[in-house]
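# Analysis of the macromolecular model
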Amino acid sequence: MKYLSNEQIPDFFSSLQATHEVRLPIMLPDGTRCLGHPGDGTVALFGGALPAKPTAAFFPHEGPVFVAASEGFTEPSAPEKPLLVVGFTSRDLACLRFIDRFFAEGWRDDIYFRNRQGALVVGVSGYCGPGGASLALADGDCDFELVWDRTRWLVVSHTGAGSAIVEGLAETVSDGTLERLRKEMAVYEDENEKAIRRASELIRADRVPDTFWSEIGDRCIACTGCNLACPTCTCFGVQDWRYAGRVKRSRMWDSCQLDGFMREASGHNPLGTEGLRTRRRIHHKLAADPDRWGEISCFVCGRCDAVCPTGIGIFAVARELIERFGNI
Amino acid sequence: MKRTLTVCPYCGTGCMFYLVSDSGRLIGVEPSTTHPVSRGGLCVKGWNAFGFVHHPDRLTTPLIRRDGKLHPASWDEALGLVAERLREIQERHGADSLMFASSAKATNEENYLLMKLARGVFGTNNIDHCARLCHSSTVTGLAETFGSGAMTNSIDCFDNTDLILIIGSNTTEQHPLIGSRILKAARRGTKLIVADNRLIRLARHADLHLRHNNGSDVALLNAMMQVIIAEGLEDREFIAARCENFEAFAASIADWTPERAAPLTGLQPGEIVAAARLFAGAKRAMIVYSMGITQHSHGVDNVRCCAALAMLTGNVGRPGTGVNPLRGQNNVQGGCDMGALPDVFSGYQKVSDPMVREKFTRAWGVDALPSTPGLPLTRAMDAAAEGKLHGMFFMGENPILSDPDQGHARHALKNLDFLVVQDIFLTETAALADVVLPAACYAEKEGTFTNTERRIQRVRKGVEPPGEAKADWEIICALAKQAGCDKMHYPDPSAVMDEIASVTPIYGGISYDRLDPLGLQWPCPDRDHPGTPILHIGRFNRGKGRFSPVIYRSPAELPDEEFPFVLTTGRTYFHWHTGTMTRRTHLLDREERRSFIEINPDDAARLGVRERDDVLIASRRGSVRAQARITGIVIPGVVFMPFHFTEGAANALTNNVLDPESSIPEFKVCAVQVRKAP
Amino acid sequence: MSSSADGTTASLYVPVDCEIIAVSDLTPHEKLFRLRLKNGAPLGHLPGQFVQVSLLGWEEAPISVASSPTRTDYFEMGIRRTGSLTSAMHELTAGDLIGVRGPFGRPFELPKLRGHDLLLISGGCGLAPLRSLIHYCEDRPEEFGALTILYGAKSPGDVLFKDDFALWETSARFACSRTVDQVPEGDCYSGGVGLITSLIPPLEIDPHRTVAVLVGPPVMYRAVIAELKKKGLSSDRIVVSLERHMRCGVGKCGHCTIEHLYCCQDGPVFWLNEIEHLRGAL
Ligand SMILES: Cc1cc2nc3c(=O)[nH]c(=O)nc-3n(C[C@H](O)[C@H](O)[C@H](O)COP(=O)(O)OP(=O)(O)OC[C@H]3O[C@@H](n4cnc5c(N)ncnc54)[C@H](O)[C@@H]3O)c2cc1C
Ligand code: SF4
Ligand code: SF4
Ligand code: SF4
Ligand code: FES
């Protein structure tokens, strides 16, 4: 098995810039972590999930659809070098797997795949969570994974492309560390994950009355943060801007917590109340997506709870819901 | 990919986020996770704050009016013309025939520089900004009672208080990340009293919701205080040790019984008593207010009452207490701090004080500075209309939509000999200008904003301005040079801040190297001072807190047979003021696309108006069209309308009657009629 | 994936050029556009499908194809002026170019309709999409049993496709009735007055041979469905076409969802039994 010392990390990823457009977790001046280029700041692999969703590397907040001018349409080009994005936790990777499927199924969303196709995805796991907490091993869903065993990063590749990249790294003896870590991570039972599953059961069994959704909706200030932070939220709006001689069409993240999200020109609005919108936010992940895609589309990354200014992210809602309707 | 830490350009909450850009274009924002106010969140405007920056309508070159039309021009031409014409007017009609309107959207440095330009270069105290329209009553009222016209406490205090009285602030919509703190506090058991006749979100979570009549705040607050004194619930120790004029004050409200206030406020006496007891019973109580208190012809009186209630119950100078006016604009606090006001230099130093003038004369290297206070913005518009003002310079303001009585504002500006507008879009006001100067927006320049809790924070440049647009501070300095002043050279805004610090005691310790990453709260008198999260600890800024008795006055225009509804105006959650930025931001525009009016179901039924019908709203001053939104948020007899929309402009209706002390217009009450549009 | 004019594969989101051949007024608020793809190819749609009409500078809007694929020289759309794109569209005239993407969505399922009596019910603007099916029936009458057309509009001034209707009324193949909710004073209108639901009770329906196809505003559905059920029609014999806010037409933007369904992909045409139990569907 390959490994990297923590000191080697910056250089290793910098060296990949020759062939790849590298993005990895860095520390910003105020202590916020984000995806950046090596050299933009100190590498910040430790600390768990990044506050902003790493899937934004493939599907940015706002991005071009095309530019139309008299010569015709110019579509956004694929990155000059394939992307290599580091910093996905196992939960983020599950989210990525989900949206890969979402964007591929039926009509294939070529704008997404322009960034995504050929990109390398690197997971992080082991004892590199917040304050040294453990992050479950992904054991797949990425090209290779960096597993912190408290002294070094074990480099575990999961695809041919991943193996090719890490080929040149130093070998360490396979001393069973990885197996030990895998076992250690497995004993942590995630309370949030349990709550999400239980809440899903209750919603799907129709145990949650509308009054509950309106009560939660009363506490929502429609900031849209929960949607914008969520790696499996993929809804977008479209905007045209008219410049002299050309029109730029772009698309940007949208949010079902806004009244205009489904409002039709006639004024008819299937999501016309806060209660209905709040229900949709949770129901979509915990009931609708399981019906359509066969799995709950909340992979328990924790971002919506972190970003919600009023404390009604999905974990908080799930817990409140279980407390109130779980024992009837 | 580049990330730039900066301050939200919308409300005075002052959230910080990173602008994300790629190859010189903004592609999103990411909240700062460590910021003490936003704590990793933002409201919908913050999340979309990048959305208008590259809009095709941005101004990219100076424009000069020739033959009635605006034509592109070079900077030299445009600034040359501005300097020449302003000087000409100054010479012909005197310096006080000029007026400079600064901007609560611009940085501290820019406000300071425009104030310096007006006073130091053109020799007039005629400088003001839109704080006149929002919190001038606060500045006057709190300065008189406490000695400092700013929010006394910090946003963090909402986490540690026992009771919050929200009066005239729709906090979850107008200061969303403060509103969300209040919501969370309520969940933890903090008591909420909401005094607002609209059923705002916070009212749904309130322990007590008082739907008092518009403009009856003095009656309500006086009666609450009467109950507190009559029942012996006041904090005698605090009053004795820290306040003055209590006896006279107590006598002045002795007959303000809840029974007397009831018919004026439309409340039951019992509701007032309950509110008084609840408030007085709290160990720590915060008063939060905003435009609902200030934008009245008796706005200063409203503020005095809030201050008195806090002093009466000993709720000043401790964590989780205080009188907390929430400042509307991102930098309206800073605009005031910087002396973009007719009567004070930066740091509220009076122009009438010879010592102060002496100091600024020396610091700026000028011969003399004018000593009589200048015109407030609202009075300046009157003066322009009367032909007493000849030239105006607007930096980032759109009075055609934001000032009361639109017809009046338009007439005033058209009456000028020369109008200059410096803005990022060709606003309704800029369209009338003789010269338009294209400015950089917040994302394209360096500087500082001061938020509502007096936190001075860094604004940073994420992308280049479009075309030839320049930062306001650069434009002002270039104009000063054209006008023959060679003393306004600065390599960058941090040098301006150093000058501000040297002449402004409350900013004395501010310099850019100290503002990273999360800012400092003034007063911060010297470089070692850690800043001041809570004002008036142990001692009021003016020494003793002053109880100022107030006499109840009703709003200037009350409904009658012909105009039977009370119109109250305000903002919506999705738009910012005159909509120049938010209406060009896709998601925000989609949410509210038209002017609307909130009307109670009973009234609507009586008028035969159905949801989404068009209605005509008319006052004695004008008439506009808007879409009806039928809702119990408003009580019968009251209609609410936002002022963002140029088509259906609420300020075509409002009453340009001013508070005699602060000159704030009465945006919150006027009489209108409503009928179904044909 | 759509193909651009020169045959190379372009983005899913890039529209193809489409020429307006003719524009005519249907009502003061609605116009009929006759169009042709610039590359001469037929649109390739089936009745009930829609296209994303793209006007540069005004974004896109989903618009149903109002003509039958049996008429291959052109296709038609009836467009009501409701907002920015549709207003801009109303300014256009013959010879102007617009963009379209599509056709998208699930059409009326012709194989399942063939051999049945069809009850073709529409209200307001809903006649536009239904017209594609009516025209199809007109051109292939042998495929169906008895054909009944019911149409309701708000007022005489809102009645769409008057010329078509006149033809259908005289055709032996169709039984037609129409009604308006109300007649403004002074209007010389001679047809029926009343809600569209009033047209159903008098009908003779064989519930085992009949399929009802409904296209109309949300308020119409519940009332009409109740009447149809009284006639013994079960939910698997009722077809509805639903309108939703749509931004992409291809199942990605998320604006059109009804619980787990995407109206642009799984619809807009649904059998009633697929959606009647879903929250907010009707
Ligand atoms: C499957 C389908 C078929 C349709 N067929 C027709 C037709 O044949 N003729 C016709 O006149 N209209 C039809 N509509 C409605 C038409 O799409 C809307 O009237 C149009 O989107 C309004 O756009 P606008 O820019 O003019 O209106 P605006 O009021 O300026 O914009 C309305 C906003 O709602 C959005 N929106 C998106 N989808 C819809 C929608 N479905 N309904 C309302 N608003 C929407 C718009 O993009 C925009 O953001 C159809 C809608 C659907 C879903
Ligand atoms: S925890 Fe929240 S943000 Fe994360 S996947 Fe679940 S719903 Fe999305
Ligand atoms: S983050 Fe919270 S407040 Fe914001 S939209 Fe989501 S649920 Fe509402
Ligand atoms: S609360 Fe105010 S400062 Fe914060 S993001 Fe919203 S508008 Fe900006
Ligand atoms: S229209 Fe975009 S998902 Fe259906």
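Chain B has the name Formate dehydrogenase subunit alpha in an unreviewed UniProt entry, where Pelotalea chapellei is given as its organism.

As recorded in an unreviewed UniProt entry, chain A goes by the name 4Fe-4S dicluster domain-containing protein, listed as coming from Pelotalea chapellei.

Let's shift gears to the overall build of chain B. In terms of regular secondary structure, chain B is built from 24 helices and 30 strands. Taking 26 Å as the expected radius of gyration for a compact globule of 678 residues, we find that chain B reaches 24 Å, a close match to that expectation. Principal-axis analysis of the C-alpha atoms places the extent of chain B at approximately 70 × 65 × 55 Å. Long-range pairs, those at least 24 residues apart, make up 73% of the contacts in chain B with a sequence separation of at least 6. Taken as a whole, chain B presents about 20,600 Å² of accessible surface, with 50% of it coming from carbon and sulfur. Between the mean site of the 74 positive side-chain charges and the mean site of the 77 negative ones, chain B shows a separation of 3 Å.

Taken together, the contacts link 53 residues of chain A with 46 residues of chain B. Looking only at chain A, the three residues that lose the most surface to chain B are Asp-30, Ile-221 and Trp-241 of chain A, adding up to 17% of its buried area. Where Glu-274 of chain A meets Arg-201 of chain B, a salt bridge forms, and the shortest distance between an N and an O atom there is 2.5 Å. Contributing elements (two or more residues each) for the side of chain A that touches chain B: strand 3 (33–36), helix 7 (210–218), helix 8 (225–229), strand 11 (236–243), strand 12 (246–253) and helix 10 (303–307) of chain A. Top contributing element to the side of chain A that touches chain B by residue count: strand 11 of chain A, with 6 residues. Here the side of chain A that touches chain B is composed, by residue class, of 24 nonpolar, 16 polar and 13 charged.

Below, the discussion takes up the site of ligand 4. Surveying the vicinity of ligand 4 reveals the residues Cys-8, Tyr-10, Cys-11, Thr-13, Gly-14, Cys-15, Leu-42, Cys-43, Lys-45, Gly-46, Pro-176 and Leu-177 of chain B. Elements represented by at least two residues in the shell around ligand 4 include exactly helix 1 (44–47) and helix 7 (176–187) of chain B.

Quick look at empty space enclosed by the protein now. All names here are of chain A. The full count for this structure, using the stated rule, is 8 cavities of 30 Å³ or more. For the second largest cavity, the calculated volume is near 330 Å³. In terms of lining, the second largest cavity is formed by 34 residues, of which the most central are Asn-227, Cys-230, Thr-232, Cys-233 and Lys-285. Listed by contribution, the elements that provide at least two residues to the lining of the second largest cavity are helix 2 (90–104), helix 8, helix 9 (274–293) and helix 10. Element by element, the count of residues in the lining of the second largest cavity is highest for helix 9, at 6 residues. Looking at the lining of the second largest cavity residue by residue, the class counts come to 18 nonpolar, 9 polar and 7 charged. In terms of domain composition, the lining of the second largest cavity takes at least three residues from each of domain 1 (2–61 + 70–184) and domain 2 (191–235 + 254–325).

Near ligand 1 there are 24 residues, and of these Ala-265 of chain A together with Ser-84, Thr-86, Arg-244 and Arg-247 of chain C occur at the shortest range. Surrounding ligand 1 is a set of residues that belongs to chains A, B and C. Ala-265 of chain A places a main-chain nitrogen or oxygen 2.8 Å from a nitrogen atom of ligand 1. Note that an oxygen atom of ligand 1 is positioned 2.9 Å from one of the side-chain N or O atoms of Arg-593 of chain B.

What follows deals with unusual backbone geometry. When glycine is set aside, most residues are seen to have a negative phi, and most peptide bonds are trans. In this structure, Pro-523 of chain B follows Trp-522 of chain B across a cis peptide bond, with omega equal to 0°. Within the secondary structure, Pro-523 of chain B is located in the loop between strand 21 (520–521) and strand 22 (545–546). With an omega dihedral of 5°, the bond running from Gly-267 of chain C to Pro-268 of chain C counts as a cis peptide bond. Looking at the element boundaries, Pro-268 of chain C is found in the loop between strand 14 (261–262) and strand 15 (269–271).

What follows deals with the UniProt feature "domain: 4Fe-4S Mo/W bis-MGD-type" (unreviewed entry) in chain B. Taken from the UniProt record, the annotation "domain: 4Fe-4S Mo/W bis-MGD-type" (unreviewed entry) applies to residues 1–57 of chain B. Along residues 1–57 of chain B one finds 7% helix and 35% strand; the C-alpha atoms at either end are 25 Å apart.

The subject of this paragraph is the sheet that holds strand 5 (residues 62–69) of chain A. Residue and element names in this part refer to chain A. Taken together, 4 strands build an open sheet; the order of strands is 6-5-12-11 and the sheet is antiparallel. The sheet is open, and its two edges are formed by strand 6 (72–74) and strand 11, each paired on a single side. Adjacent strand axes in the sheet meet at a mean angle of 20°, parallel and antiparallel pairs treated alike. In this sheet, strand 12 lies alongside strand 5 in antiparallel orientation, the contact comprising 7 bridges. The residue of strand 12 that forms the bridge with Val-67 is Lys-248.

This brings us to the sheet that holds strand 30 (residues 670–676) of chain B. Residues and elements named next belong to chain B. Taken in spatial order, the 6 strands close into a barrel running 23-27-24-26-25-30, and their pairing is mixed. The sheet shows a mean angle of 45° between the axes of neighbouring strands, direction not considered. As judged from the 3 bridges shared by strand 23 (residues 565–570) and strand 30, these two strands associate in the antiparallel manner. What sits directly across from Phe-565, in strand 30, is Val-672.

Overall, the predicted model of chain B reaches an average pLDDT of 91, with 99% of residues at or above 70. Quick note on the complex model: pTM equals 0.94, ipTM equals 0.95.

What follows concerns the domain arrangement of chain B. Residue and element names in this part refer to chain B. In terms of domains, chain B is made up of domain 1 (2–47), domain 2 (63–129 + 332–521), domain 3 (152–325) and domain 4 (565–676). A straight line from the C-alpha centre of domain 3 to that of domain 4 covers 27 Å. Here domain 3 meets domain 4 over a buried area of about 1,800 Å², counting both sides, of which 50% is carbon and sulfur. A per-residue breakdown of the area domain 3 buries against domain 4 is headed by Arg-198, Gln-295 and Ser-297, which together make up 34% of the total. Seen at the junction of domain 3 and domain 4, the total is 1 salt bridge. When the shortest N-O distance is used, the salt bridge between Arg-198 and Glu-598 registers 2.8 Å.

Quick look at the domain arrangement of chain A now. Residue and element names in this part refer to chain A. Looking at chain A, the domain boundaries give domain 1 (2–61 + 70–184) and domain 2 (191–235 + 254–325). The C-alpha-based centres of domain 1 and domain 2 are spaced at 28 Å. In this complex, domain 1 contributes 20 residues to the contact, which on the side of domain 2 involves 17 residues. Both sides together, the interface formed by domain 1 and domain 2 hides about 1,600 Å², and carbon and sulfur atoms give 60% of it. Considering only the side of domain 1, the residues that lose the most area to domain 2 are Lys-53, Arg-91 and Phe-98, jointly responsible for 39% of the buried surface there. Linking domain 1 with domain 2 are 4 salt bridges.

With that out of the way, let us pick up the packing of helix 3 (residues 108–121) of chain B against helix 21 (residues 472–482) of chain B. All names here are of chain B. Orientation of helix 3 relative to helix 21, taken along the N-to-C sense of each, is 20°, at an axis distance of 9 Å. In terms of axis orientation, helix 3 runs roughly parallel to helix 21. Taken as a pair, helix 3 and helix 21 cross one another with a handedness that is left-handed. Contacts between helix 3 and helix 21 involve Glu-110, Leu-113, Leu-114 and Leu-117 from the former and Asp-472, Trp-473, Ile-476, Cys-477, Leu-479 and Ala-480 from the latter. Of the residues belonging to the contact of helix 3 with helix 21, the class tally is 8 nonpolar, no polar and 2 charged.

Here the focus is the pairing of strand 26 (residues 623–630) of chain B. One face of the sheet, then the other: side chains in a regular strand alternate in exactly this way. All names here are of chain B. The pairing of strand 24 (residues 596–599) with strand 26 spans 4 bridges and is classified as parallel. Of the residues in strand 26, the one forming a bridge with Glu-598 is Arg-629. Here strand 25 (residues 614–618) runs beside strand 26; their pairing, made up of 5 bridges, is antiparallel. When the bridges of strand 26 are listed, Ala-618 appears paired with Ser-623. Linking strand 25 to strand 26, which pair antiparallel, is a turn of 4 residues.

Turning our attention to the pattern of salt bridges. Side chains that differ in charge, positive against negative, can pair when their charged atoms come close. Within this structure, the stated rule accounts for 90 salt bridges over all chains. Put simply, Glu-358 of chain B and Arg-362 of chain B hold a salt bridge, and the shortest N to O gap is 3.3 Å. Residue Glu-358 of chain B and its partner Arg-362 of chain B are located together in helix 17 (residues 354–364), separated by 4 residues, close to a single helical turn. Measuring nitrogen to oxygen at the nearest pair gives 3.0 Å for the salt bridge that ties Asp-614 of chain B to Arg-594 of chain B. With a gap of 20 residues between them, Asp-614 of chain B in strand 25 and Arg-594 of chain B in the loop between helix 23 (586–591) and strand 24 connect regions that are remote in the sequence. Arg-594 of chain B gets classed as partly exposed once you look at its relative accessible area, which sits at 34%. Sharing partners across several salt bridges, the network here consists of Glu-215, Arg-219, Glu-320 and Arg-324 of chain A together with Arg-187 of chain B.

Rules behind the numbers
Residues numbered from 1 in each chain as written. Chains lettered and ligands numbered in written order. Predicted model: local features only at pLDDT ≥ 70, side-chain atom pairs only at ≥ 80, totals over all residues. Heavy atoms only, no water. Helix = DSSP H or I, 4+ residues; strand = E, 2+ residues; numbered from the N terminus. Rg over C-alpha atoms; globule rule 2.2 N^0.38 Å. Contact = heavy atoms within 4.5 Å. Areas by Shrake-Rupley, 256 points an atom, 1.4 Å probe, with all protein chains shown as cover. Lys, Arg positive; Asp, Glu negative; His and termini not counted. Charge placed at Lys NZ, Arg CZ, Asp CG, Glu CD. Buried area = accessible area lost by both parts, 1.4 Å probe. Salt bridge = Lys/Arg side-chain N within 4 Å of Asp/Glu carboxyl O. Nonpolar A, V, L, I, M, F, W, Y, C, P; charged D, E, K, R; others polar. Near = heavy atom within 4 Å. 1 Å grid on protein atoms, 1.4 Å probe; cavity = no way out; pocket = protein on both sides within 12 Å on 5 of 7 lines; lining within 4 Å. Points joined across faces, edges and corners; volume = space filled by probe spheres on them. Domains from an automatic or database assignment. Polar contact = N/O pair within 3.5 Å; in protein donor to acceptor, adjacent residues only side chain to side chain. UniProt positions renumbered as here; feature names shortened; annotations may be inferred. Pairing = 2+ DSSP bridges. Axes fitted to C-alpha atoms, helices over the stretch in contact; angles between N-to-C directions. pLDDT = per-residue confidence, 0-100. Parallel < 35°, antiparallel > 145°, perpendicular 65-115°, else oblique. Left-handed = near helix turned anticlockwise from the far one by under 90°. Buried < 20%, exposed > 50% of the residue type's maximum accessible area, 1.4 Å probe, protein only.

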